[in-house]
Amino acid sequence: MRVLTACLLLLASPLTLQAGLFFEATTLDAKPESGASTLTVKFPFQNRGDQKVTLLSTESDCGCTTATLDKQIFQPGESGVITVNFAIGDRVGPQEKKVRIRASDQTEPHVLTFRTNIPMFARVQPQFVYWASGEAPTPKSMVFELVDTETPIQKLTATSNNPAIKPEVRELEKGRRYEIAITPGATEKFLLATIQLTAQLGDGKPERKMQAYATIKPGPPAN
Amino acid sequence: MKGILLICLAALVPALAQRWWQPPEAFRPRSALTDGAGAGERVTLQTVRGWNRPVLWVDARTRAEFESGHVPAATLLNEDAWESLLPEFLGRWQPGQPVVVYCGASCESSRRVALRLRLAGIQDVHVLEGGWDAAQTLRP
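Residues numbered from 1 in each chain as written. Chains lettered and ligands numbered in written order. Predicted model: local features only at pLDDT ≥ 70, side-chain atom pairs only at ≥ 80, totals over all residues.

Visitor: Can you help me understand the overall build of chain A in this one?
Guide: When its secondary structure is counted, chain A shows one helix and 17 strands. Within chain A, counting contacts between residues at least 6 apart in sequence, those at least 24 apart form 63% of the total. (Helix = DSSP H or I, 4+ residues; strand = E, 2+ residues; numbered from the N terminus. Contact = placed C-beta atoms within 7 Å.)

Have a look at this one:
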């Protein structure tokens, strides 16, 4: 009998150590709305232990992520939701963020992870060009390439916020790839210009904007 | 009583074994993909000190964290407001100047900022090992 009890305890012990908060999923994939500035991810859970659980604190691995709790104490059998808000900002591409929830049911935190992919509309490479002070004011190029839409560009325009820097657009591949040649008037003095790139899309879709930069600097030429 | 104690101790064996083989996620070693840079771009503070040339420090934390303390002459550049912060960075960066990015000790923002700087066209970009915890020793 004693051996049988020991065997049962041996089998059950890892499970009993995990009793308490049970999350339906600790890792979630989330998709942001197009153009959204925030993404909200919800992690439902239930207290499956036989004692009340107090949520003590939350901690995230990024200042862009905050977790909110609808309340702090959960009785046995009670359910709740941890809501995680992610400020997208100027992020692009795949993202993986973690939130650690400290609770009274276990010493280590519950780790909640969400993954998402912020679509990149287009990329410009390089995003900036520069001339050393006194370098010949010959044109330098960037390539603008459509990434995340099936809708081709109808027209791409480039404007500089500084009249001493002139951008010129040339189509490399219809509706998808463009070269932007940038020419400074002179390279004697420090200068920083923002090149606003505006893409007009078909199918009635709103225009999209991106920035690139051109600057004149002291020091040796490197690009 | 002795028997019960023995059973309890025996019951701990698989639980401890499970913890050893499959530690809770919070205690698992982190991979380079989620916790920092690839081996080539990470630098220690000691390495940076040995360069003997001016470094442009980039603080990839939030504005609030930056304002509460940062490396002297560091510039704020993060993905919260990349487009509005990049011109400030470009205005201060000099051709050929190495860039060292730091964020909180356990965040990955520095790796992402370093990657975006490279995509923007700056090649000599590094990520500080130890992040802000290490960088704090540079404060006056």
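Visitor: Explanation requested: the overall build of chain B in the structure shown.
Guide: Across its full length, chain B carries seven helices and five strands. The order of helices and strands in chain B, counted from the N terminus, is α-α-β-α-β-α-β-α-β-α-β-α. Once local pairs closer than 6 in sequence are excluded, the contacts in chain B between residues at least 24 apart make up 63%.

Visitor: Mind showing me how you'd approach the pairing of strand E15 (residues 177–184) of chain A here?
Guide: Every other side chain in a regular strand lies on the same face of the sheet, so the side chains alternate between the two faces. Residue and element names in this part refer to chain A. What you see with E15 is a clean split: Tyr178, Ile180, Ile182 and Pro184 sit on the buried side and Arg177, Glu179, Ala181 and Thr183 on the side with no burial. Bridge count between strand E12 (residues 140–146) and E15: six bridges; the pairing is antiparallel. Each bridged residue has a counterpart across the sheet, and for Met142 the counterpart in E15 is Ile180. With eight bridges joining them, strand E14 (residues 165–173) and E15 adopt antiparallel strand pairing. Directly across from Ile165, in E15, lies its bridge partner Pro184. In this antiparallel pair of consecutive strands, E14 and E15, the connection spans three residues, and Gly175 shows a positive phi of 75°. (Buried ≥ 20, exposed ≤ 12 C-beta atoms within 10 Å, placed from the backbone. Pairing = 2+ DSSP bridges.)

Visitor: It is not clear to me how the sheet that holds strand E4 (residues 53–60) of chain A should be interpreted in this structure. Could you clarify?
Guide: Think of a sheet as strands paired side by side through backbone hydrogen bonds, with each pair either parallel or antiparallel. All names here are of chain A. Strand order in the open sheet formed by five strands is E2-E9-E8-E4-E6, and the pairing between neighbours is mixed. A strand with exactly one partner marks an edge of an open sheet, and here the two such strands are strand E2 (27–30) and strand E6 (73–74). Note: E4 against E6, two bridges, orientation antiparallel. Bridged to Thr54 within E6 is Ile73.

Visitor: Just checking my understanding: could you explain the sheet that holds E14(A) for this structure?
Guide: Residues and elements named next belong to chain A. Read across the open sheet, the four strands follow the order E10-E12-E15-E14; overall the sheet is antiparallel. Sheet topology places strand E10 (122–125) and E14 at the edges, where each strand pairs with a single neighbour. Mean inter-strand twist for the sheet, computed between neighbouring axes without regard to direction, equals 20°. The sheet contact formed by E10 and E12 spans four bridges and is antiparallel. Residue Ala122 lies in a different strand from E12, and its bridge partner there is Leu146. (Axes fitted to C-alpha atoms, helices over the stretch in contact; angles between N-to-C directions.)

Visitor: Hey, could you run me through the confidence of the model for chain A in this one?
Guide: When pLDDT is low, close inspection of the predicted coordinates is not appropriate. Residues of chain A with pLDDT of at least 70 account for 90%, and the chain-wide mean is 88. Across chain A, the secondary-structure element scoring lowest on mean pLDDT is helix H1 (residues 2–17) of chain A, at 54, and the one scoring highest is E15(A), at 97. (pLDDT = per-residue confidence, 0-100.)

Visitor: Would you mind going over helix H5 (residues 82–92) of chain B with me for this structure?
Guide: An α-helical turn contains 3.6 residues, so any two residues separated by three or four positions project in the same direction. Considered for burial, the residues of H5(B) that qualify are B:Trp82, B:Leu86, B:Phe89 and B:Leu90. Taken end-on, H5(B) shows its buried residues confined to a sector of 95°, consistent with a single buried face. Tucked inside the fold, the buried residues of H5(B) contact strand E11 (128–132), strand E16 (191–201) and strand E17 (208–217) of chain A together with strand E2 (56–59), strand E3 (75–76) and helix H6 (109–120) of chain B. (Arc of directions from axis to C-beta.)

Visitor: Is there a simple way to think about H6(B) in this case?
Guide: Residues and elements named next belong to chain B. If you check H6, its first and last C-alpha atoms are 16 Å apart, about what 12 residues at 1.5 Å a residue would give, namely 16 Å. Where H6 is concerned, the buried positions are Ser109, Ser110, Arg111, Arg112, Val113, Ala114, Arg116 and Leu117. Following H6 by one or two positions, Gly121 adopts a phi angle in the positive range, close to 125°. (Expected span 1.5 Å × (residues − 1).)

Visitor: Help me understand the confidence of the model for chain B in this model?
Guide: Residues and elements named next belong to chain B. Looking at chain B as a whole, the pLDDT averages 79, with 70% of positions reaching at least 70. At the level of individual helices and strands, chain B shows its lowest average pLDDT in helix H2 (residues 32–35), which scores 34, and its highest in E3, which scores 97. Counted against residues more than four places away or in other chains, residues 23–40, with its pLDDT under 50, gives 21 contacts. Prediction confidence for the complex, expressed as pTM and ipTM, is 0.72 and 0.72 respectively.

Visitor: What's the story with the environment of B:Leu119 in this structure? I'm lost.
Guide: Among the secondary structure elements, B:Leu119 is positioned in helix H6. Look at B:Leu119 and you get partly exposed, because 13 C-beta atoms sit within 10 Å. When the C-alpha atoms of B:Leu119 and B:Trp132 are compared, they prove to be 24 Å apart, with 13 residues separating the residues in sequence. Each residue touching B:Leu119, except ones within four places of it in the same chain, is listed here: A:Gln125 and A:Gln127.

Visitor: Is there a simple way to explain the nonpolar core in this structure?
Guide: Nonpolar side chains in soluble globular proteins tend to end up buried together. Within the largest apolar cluster, 68 residues are counted, with the highest numbers of intra-cluster contacts made by A:Ile195, A:Ala214, B:Val58, B:Val99 and B:Val101. Looking at which element gives the most residues to this core, the answer is E16(A), with five residues. The residues contacting B:Val99, other than those within four sequence positions of it, are B:Leu56, B:Val58, B:Trp93, B:Leu117, B:Ile122, B:Asp124, B:Val125 and B:His126. (Core = buried A, V, L, I, M, F, W, Y, C linked by C-beta atoms within 7 Å.)

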